[in-house]
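# Secondary and tertiary structure notes
Each chain, written out:
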Amino acid sequence: MAETIRVGSLRGIMMRGPGITSTLPFYEDMWGLSLAHKEDGIALLRGTGEEPFLYGLKDGPVYGIEYVHFAMPDRASMDALYRQVIARGGIALAEPDLFDDYAGGYGFEMLDPDNRRLRFRTEALTHDEEPEWAKPRKVSHVVLNTPDMDGVQEFYTHVLGFRVSDYSADQMVFLRCNSDHHSIALVRGNYASVNHVAFEMPSIDEFMRGIGRMKQKGHVPTWGPGRHGPGNNPFAYFVSPSGFVIEFTSELQQIDETTHEAQVWPRDRPEAMDRWMTAGPPTPAQRAVMQGRPDPGFPELAPARSKI
């Protein structure tokens, strides 16, 4: 059997929703991102790293994900990933080609089993790194709710080469594509939706300072600060003006492929969810907001399977 091609890394995510671009000042003035590009109905925000943008806002009628954004190292690996997607039954929307959007580059799009659009890009526009105290450096991970956690897990591992890092009982699975403990995590839910998006701060002090900046501006965490068991990362969750859950994090566990073995973390011990026990378990209100709003994705694109 041919060696499985693995996705290179997570670049970020494009969100959509009614009037979502009007929330741009929140991300600039409070969250710590910078405007990279703006056009009618779209605003792209960058962090302090090289990525052209980490978090995109696109006006649209439905709250949800426009696409999850991934990187591949070069065209050869991109083409190999595309061939693997087709061979293993994935729904690619077109063959790899040049993108004509702000970030440019080369790649393709596909749908996951919940009809979410995934975009893979190489040769993208880059920015000079601009380290700035207590500002997000990258998107650490995206957590997705799904009514078919087992099936979607199989898709990410078999079709895209992700590996399982850990489980939270039978309710959550953490998936990695590189040394980061998780770039994607899946939560068992009643419908497909976004659970939260996490932004990485460069250090624990900057993580705490980011929380302080938010609190000084009147926006307090809805859960945290604390430190998770799976991934060993500190967390502080907030709710954005458009109702999406966003997180500050840092120090995500780095996986040694030669020694790591996935474990099942219990959910009935609060210290497994928050090792510091400063935040404790999430409240019912926090769990409710992390369930998100049902996101149908792009089912109208699904018939493209038969055209490839």
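Here goes a summary of the coordinates provided. (Residues numbered from 1 in each chain as written. Predicted model: local features only at pLDDT ≥ 70, side-chain atom pairs only at ≥ 80, totals over all residues. Heavy atoms only, no water.)

### Digging into the sheet that holds strand β13 (residues 184-188)
How we decide: At least two bridges found by DSSP between two strands are what make those strands a pair. Think of it this way: any DSSP run of H or I at least four residues long counts as a helix, any run of E at least two long counts as a strand, and we number them from the N terminus. We call two residues in contact whenever any of their non-hydrogen atoms come within 4.5 Å of each other. Angular values range over 0 to 180 degrees, each being the angle between N-to-C directions of two axes fitted as lines to C-alpha atoms, with helices fitted over their stretch in contact.
Read from one edge of the open sheet, nine strands run β15-β16-β17-β14-β10-β13-β12-β11-β18, paired in mixed fashion. Strand pairing shows two members of the sheet lacking a second neighbour, β15 (223-227) and β18 (264-265), which therefore form its edges. Sheet topology note: the strand β11 (residues 163-168)/β18 ladder contains two bridges and is parallel. Its bridge partner lying in β18, Y167 is registered against V264. Of the strands in this sheet, β10 (138-146), β11, β12 (172-176) and β13 touch helix α3 (residues 149-159), which is tilted by about 165 degrees from β13. Set on the sheet, helix α6 (residues 284-291) makes contact with β10, β14 (193-200), β15, β16 (234-239) and β17 (245-249); between it and β14 the angle comes to about 100 degrees.

### Side note on the pattern of salt bridges
Rule in force here: In the sections that follow, a salt bridge refers to a side-chain nitrogen of Lys or Arg positioned within 4 Å of a carboxyl oxygen of Asp or Glu. Burial here depends on accessible area, computed with a 1.4 Å probe over protein chains only, as a share of the maximum for the residue type. Under 20% is buried, over 50% is exposed, and the range in between is partly exposed.
What the rule picks out here adds up to 21 salt bridges. Note that E51 and R11 form a salt bridge whose closest N and O atoms lie 2.9 Å from each other. Residue E51 is located in the loop between β3 (42-46) and β4 (55-59), and its partner R11 is located in strand β1 (residues 9-17); the two are separated by 40 residues in the primary sequence. For R11, a relative accessible area of 8% translates into the label buried. Ionic pairing is found between R176 and E257, a salt bridge with its closest N-O pair at 2.7 Å. Here R176 is found in strand β12, whereas its partner E257 is found in the loop between β17 and β18, with 81 residues between them in sequence. The class of E257 is partly exposed, set by a relative accessible area of 34%. Among the ionic contacts, a cluster of salt bridges with common partners joins R16, K58, E66, R117 and D295.

### What about empty space enclosed by the protein?
The condition is simple: Space inside and on the surface of the protein is sampled on a 1 Å grid over the protein atoms alone, with a cavity defined as a set of points where a 1.4 Å probe fits but cannot get out and a pocket as an open set with protein on both sides within 12 Å along at least 5 of 7 lines; lining residues have an atom within 4 Å of a point. Grid points are joined across faces, edges and corners, and a volume is the space filled by probe spheres set on the points. For this scheme, ten residues count as nonpolar: Ala, Val, Leu, Ile, Met, Phe, Trp, Tyr, Cys and Pro. Four count as charged, namely Asp, Glu, Lys and Arg, and the remainder, Gly too, count as polar.
A complete count under the given rule lists one cavity of 30 Å³ or more for this structure. The class makeup of the residues in the lining of the largest cavity is four nonpolar, two polar and one charged.

### Quick word on the layout of surface pockets
Here the largest pocket defines a volume of roughly 590 Å³. Considering the residues around the largest pocket, the lining is formed by 30 residues, among which M172, V187, N195, R267 and R287 are closest to the centre. Quantified by volume, the second largest pocket comes out at close to 360 Å³. What lines the second largest pocket is a set of 19 residues, and nearest its centre among them are S9, L10, E50, E51 and K138.

### Things to note about the environment of R287
The topology assignment puts R287 in helix α6. Among the residues examined, R287 registers a relative accessible area of 37% and is labelled partly exposed. Taking the C-alpha atoms as reference points, R287 and W223, 64 residues apart in sequence, are found 9.9 Å from one another. Not counting residues up to four positions away in its chain, the partners in contact with R287 are R267, M273 and P282.

### Quick notes on the packing of aromatic side chains
For clarity, the cut-off: Classification of ring pairs rests on two measures: the distance between centres of Phe, Tyr or Trp rings, Trp counted by its six-membered ring, which must be within 6.5 Å, and the angle between planes, read as stacked under 30 degrees, edge-to-face over 60 and tilted in between. A positively charged side chain is recorded as over a ring if its NZ (Lys) or CZ (Arg) lies within 6 Å of the ring centre. The angle to the ring normal must also be within 35 degrees.
The final tally for this structure, using the stated rule, is 18 aromatic pairs. Relative to F162, the ring of Y156 has its centre 5.4 Å away and its plane inclined at 90 degrees; by these criteria the two rings are edge-to-face. Of the residues examined, Y156 reaches a relative accessible area of 0% and is grouped as buried. Taking the relative accessible area as the measure of exposure, F162 reaches 3% and is therefore buried. With 5.8 Å between their ring centres and 70 degrees between their planes, F238 and F248 make a pair best called edge-to-face. Residue F238 is found in strand β16, and its partner F248 is found in strand β17; the two are separated by ten residues along the sequence. Residue F248 is classed as buried on the basis of its relative accessible area of 0%. Taken together through their ring pairs, the aromatic side chains of F26, Y27, W31, Y55, F199, F238 and F248 make up a single cluster. One residue, R121, lies across the ring of F99, its end atom 4.7 Å from the ring centre. A cation sits over an aromatic face here: R293 above Y63, 3.8 Å from the ring centre.

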